[in-house]
Amino acid sequence: MLNKIPLNTWYDANDKDLKDLRLKAKDLCFAFNSLPYSDEAKGKIILKQLFALLGDNTEILAPLYCDYGQNIIIGRDCYINHGAYLMDTAPITIGDHCFIGPFLNISCASHPLDIANRNKGLEMAKSVVIEDDVWIGSNVTI
């Protein structure tokens, strides 16, 4: 686990520390998404601040959205097209040489099915691993 969210158990998504981490990630996403596409060098700097690991020669197109960022590991020689949303309440690992079409949604969060617990803001986080050499087409939700 890269952040303080426990895996495979219910936790309070409204925890102040978690909210602060989400705000930091959203600010970094906003900064990345606001850059001109020609400013690739600054984009890489922001993504390296956002993610736990960003592999060499990986290209990510804006807009990009994530919840924490620090739970995301992306390998080398990857391409992630426009509109990716990585809901990284748990670690998301994308291997080397992965090609991802536009509008990918990876969601690690799950919510209680019963109304009372869901209304308390409870979530459960489960990791997602995409291995090396995977191609994911457009509009995919994992």
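Our subject is the structure listed above.
Report on the accompanying structure.

Definitions and cut-offs
- Each chain carries its own residue numbering, running from 1 in the direction its sequence is written.
- Since the coordinates come from a predicted model, pLDDT governs what is reported: local features require at least 70, and pairs of side-chain atoms require 80 or more to be given and counted, while whole-chain, interface and lining totals use all residues.
- Side-chain figures throughout are based on the complete set of non-hydrogen atoms in the structure, without hydrogens or water.
- Paired strands, as defined in this entry, are two strands with at least two bridges between them according to DSSP.
- Segments assigned H or I by DSSP are reported as helices when at least four residues long, segments assigned E as strands when at least two residues long, and all are numbered from the N terminus.
- Where helices are involved, their axes are fitted lines through C-alpha atoms of the stretch in contact, as for all axes, and angles between N-to-C directions lie from 0 to 180°.
- In this analysis the probe radius is 1.4 Å and the grid spacing 1 Å, with only protein atoms considered; a cavity is a set of points the probe fits into but cannot get out of, a pocket is an open set with protein on both sides within 12 Å along at least five of seven lines, and lining residues have an atom within 4 Å of a point.
- Grid points are joined across faces, edges and corners, and a volume is the space filled by probe spheres set on the points.
- Take the buried residues of types Ala, Val, Leu, Ile, Met, Phe, Trp, Tyr and Cys, join any two whose side-chain atoms come within 4.5 Å, and each joined set is a nonpolar core.
- Exposure categories follow from relative accessible area, calculated using a 1.4 Å probe and restricted to protein chains: below 20% of the type maximum is buried, above 50% is exposed, and the middle band is partly exposed.
- Residues are treated as being in contact if the distance between any of their heavy atoms lies within 4.5 Å.

Turning our eyes to something else, we now look at the sheet that holds strand β13 (residues 128–130). If you trace the four strands from one edge of the open sheet to the other, you get β2-β5-β8-β13, paired in parallel fashion. The two strands at the open ends of the sheet, each matched to only one other strand, are β2 (53–54) and β13. Relative to strand β8 (residues 92–94), strand β5 (residues 72–74) runs parallel, the two sharing three bridges. Bridging from a neighbouring strand, isoleucine 73 pairs with threonine 93 of β8.

Read from one edge of the open sheet, three strands run β4-β7-β10, paired in parallel fashion. Two strands in the sheet have a free side with no partner beyond their single neighbour: β4 (64–66) and β10 (105–107). For this sheet, the mean inter-axis angle between neighbouring strands, taken without regard to orientation, is 10 degrees. Taken together, the three bridges between β4 and strand β7 (residues 84–87) define a ladder with parallel strand orientation. Residue pairing in the sheet places leucine 64 in a bridge with alanine 84 of β7.

Roughly 250 Å³ of volume is contained in the largest pocket. When contributions to the lining of the largest pocket are tallied by element, the ones reaching two or more residues are α2 (40–50) and β3 (59–60). The element contributing the most residues to the lining of the largest pocket is α2, with four residues.

The next thing to look at is the nonpolar core. By size, the foremost hydrophobic cluster in this structure holds 37 residues, and its most contacted members are Leu50, Phe51, Ile60, Leu64, Ile74 and Ile94. Going through the elements one at a time, α1 (16–34), α2, β4, β5, β7, β8 and β13 are the ones with two or more residues in this core. Among the elements that take part in this core, α1 stands out by supplying five residues, more than any other. Sequence-distant contacts of isoleucine 74, defined by excluding residues within four places in its chain, comprise Phe51, Leu53, Leu54, Gly55, Thr58, Ile60, Ile80 and Ile94.

With that settled, the discussion passes to unusual backbone geometry. Residue alanine 62 is joined to proline 63 through a cis peptide bond whose omega torsion reads 0 degrees. Summarising the element assignment, proline 63 is placed in the loop between β3 and β4. A positive phi angle is found at aspartate 77, which is not glycine, with a value near 60 degrees. One can find aspartate 77 in the loop between β5 and β6 (79–80). Exposure remark for aspartate 77: the relative accessible area of 23% places this residue in the partly exposed category.

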